[in-house]
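Residues per chain are reported as follows:
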Amino acid sequence: MKTKYEAISNIDSIFGIVEQNEQRADISFITVEKDNVIPALLHLRDVEDYSHLVMITAVDFIEKGKFQITYLLHNYQNKTDIGVRTFIDRENPIMQSGHKLWKQVATYQRELHEMFGINFPGSPRVNENFALEGWEGIPPMRRGFDTLQYSMKTYHNRTGRKSYDPKTYMKQQLNQDIYKENSDKGE
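Just so it is clear, the structure is predicted and the values come from calculations on it, not from any experiment. (Residues numbered from 1 in each chain as written. Predicted model: local features only at pLDDT ≥ 70, side-chain atom pairs only at ≥ 80, totals over all residues. Heavy atoms only, no water.)

Draft legend 1. Summary view of the sheet that holds strand β1 (residues 19-24). With mixed pairing, five strands are arranged side by side in an open sheet as β1-β2-β5-β4-β3. Each end of this open sheet is capped by a strand with a single partner; those strands are β1 and β3 (52-61). With direction set aside, neighbouring strand axes in the sheet form an average angle of 20 degrees. Pairing of β1 with strand β2 (residues 27-31), which is carried by five bridges, proceeds in the antiparallel orientation. Residue pairing for β2: N21 is matched across the bridge by F29. (Pairing = 2+ DSSP bridges. Helix = DSSP H or I, 4+ residues; strand = E, 2+ residues; numbered from the N terminus. Axes fitted to C-alpha atoms, helices over the stretch in contact; angles between N-to-C directions.)

Structural data, given as structure tokens:
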């Protein structure tokens, strides 16, 4: 049975790893170039026994103009996970589809398309509504989406309801936590 470290070393020698970090002994994340993601996933599945796709997720790095896409795979024999990450352009978010590797990939890709606007050409039903039937405008998980503006436009104002600006509210909450920590220390 191969170890997680051997699998990562093999991926590095075949596809090249841009970045690697170990979160815990049983989970590591590797970053590969966009064009190497699907071949690396195929190799991990068929050669290294990372046969279970746990999830696919995305993060919007608006400051960098990039989306990070992460595929998390599990190996049942050695009970470890490897996350395969890549970055794609935020302005032209296109990623090769992996729906032929695992059936559930198509579902994840539909969700990422709807929530972030990431395109997966050739993925079945990717352009059909997933959860946001009739949604118009910027995808709601993009960091440029203004939740306060959307709520004020979409929902009526209820008497007695307080509404907070999210940035101001979070700063106040953070300051209260810092104040509490300092007062607990006697400062």
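Structure shown, so let's carry the discussion forward.
Draft legend 2. Focus on the packing of aromatic side chains. Summed over all chains, the structure comprises six aromatic pairs. With centroids separated by 5.7 Å and ring planes inclined at 50 degrees, the aromatic side chains of W135 and F145 adopt a geometry described as tilted. Taken together, the residues span a long stretch of sequence, with W135 in the loop between α3 (105-116) and α4 (147-154) and F145 in the loop between α3 and α4 at a distance of ten residues. Here W135 falls in the partly exposed class, since its relative accessible area comes to 26%. Here the aromatic rings of Y150 and Y155 are separated by 6.3 Å at their centres, their planes lie at 85 degrees, and the arrangement is edge-to-face. Members of the aromatic cluster, joined through ring pairs, are W135, F145, Y150 and Y155. The cationic tip of K64 hangs over the ring face of F61; the distance from NZ or CZ to the ring centre is 5.1 Å. Positioned over the ring face of F29 is R85, at 4.1 Å from the centre of the ring. (Phe/Tyr/Trp six-rings, centres within 6.5 Å; stacked < 30°, edge-to-face > 60°. Buried < 20%, exposed > 50% of the residue type's maximum accessible area, 1.4 Å probe, protein only. Lys NZ or Arg CZ within 6 Å of the ring centre and 35° of its normal.)

Draft legend 3. Structural detail: the side chain of Q109. Assignment of secondary structure puts Q109 in helix α3. Setting aside residues no more than four positions away along its own chain, Q109 makes contact with Q96, S97, G98, H99, F120, S123 and V126. (Contact = heavy atoms within 4.5 Å.)

Draft legend 4. Up close: the pairing of strand β5 (residues 80-89). Among the ten residues that make up β5, eight are buried, leaving the element largely enclosed by the rest of the structure. In this structure, β2 lies alongside β5, joined through five bridges in parallel fashion. Bridging from a neighbouring strand, I27 pairs with D81 of β5. Sheet analysis places strand β4 (residues 66-75) next to β5, joined by ten bridges and oriented antiparallel. Within β5, the position partnered with L72 by the bridge is G83.

Draft legend 5. Spatial organisation of the side chain of H113. Locating H113 in the fold gives a position in helix α3. A polar contact is formed between the side chain of H113 and the side chain of N119, at a distance of 3.1 Å. A polar contact of 3.2 Å, which involves the side chain of H113, links it to the side chain of N127. Excluding anything up to four places from it in sequence, H113 contacts I118, N119, F120, V126 and N127. (Polar contact = N/O pair within 3.5 Å; in protein donor to acceptor, adjacent residues only side chain to side chain.)

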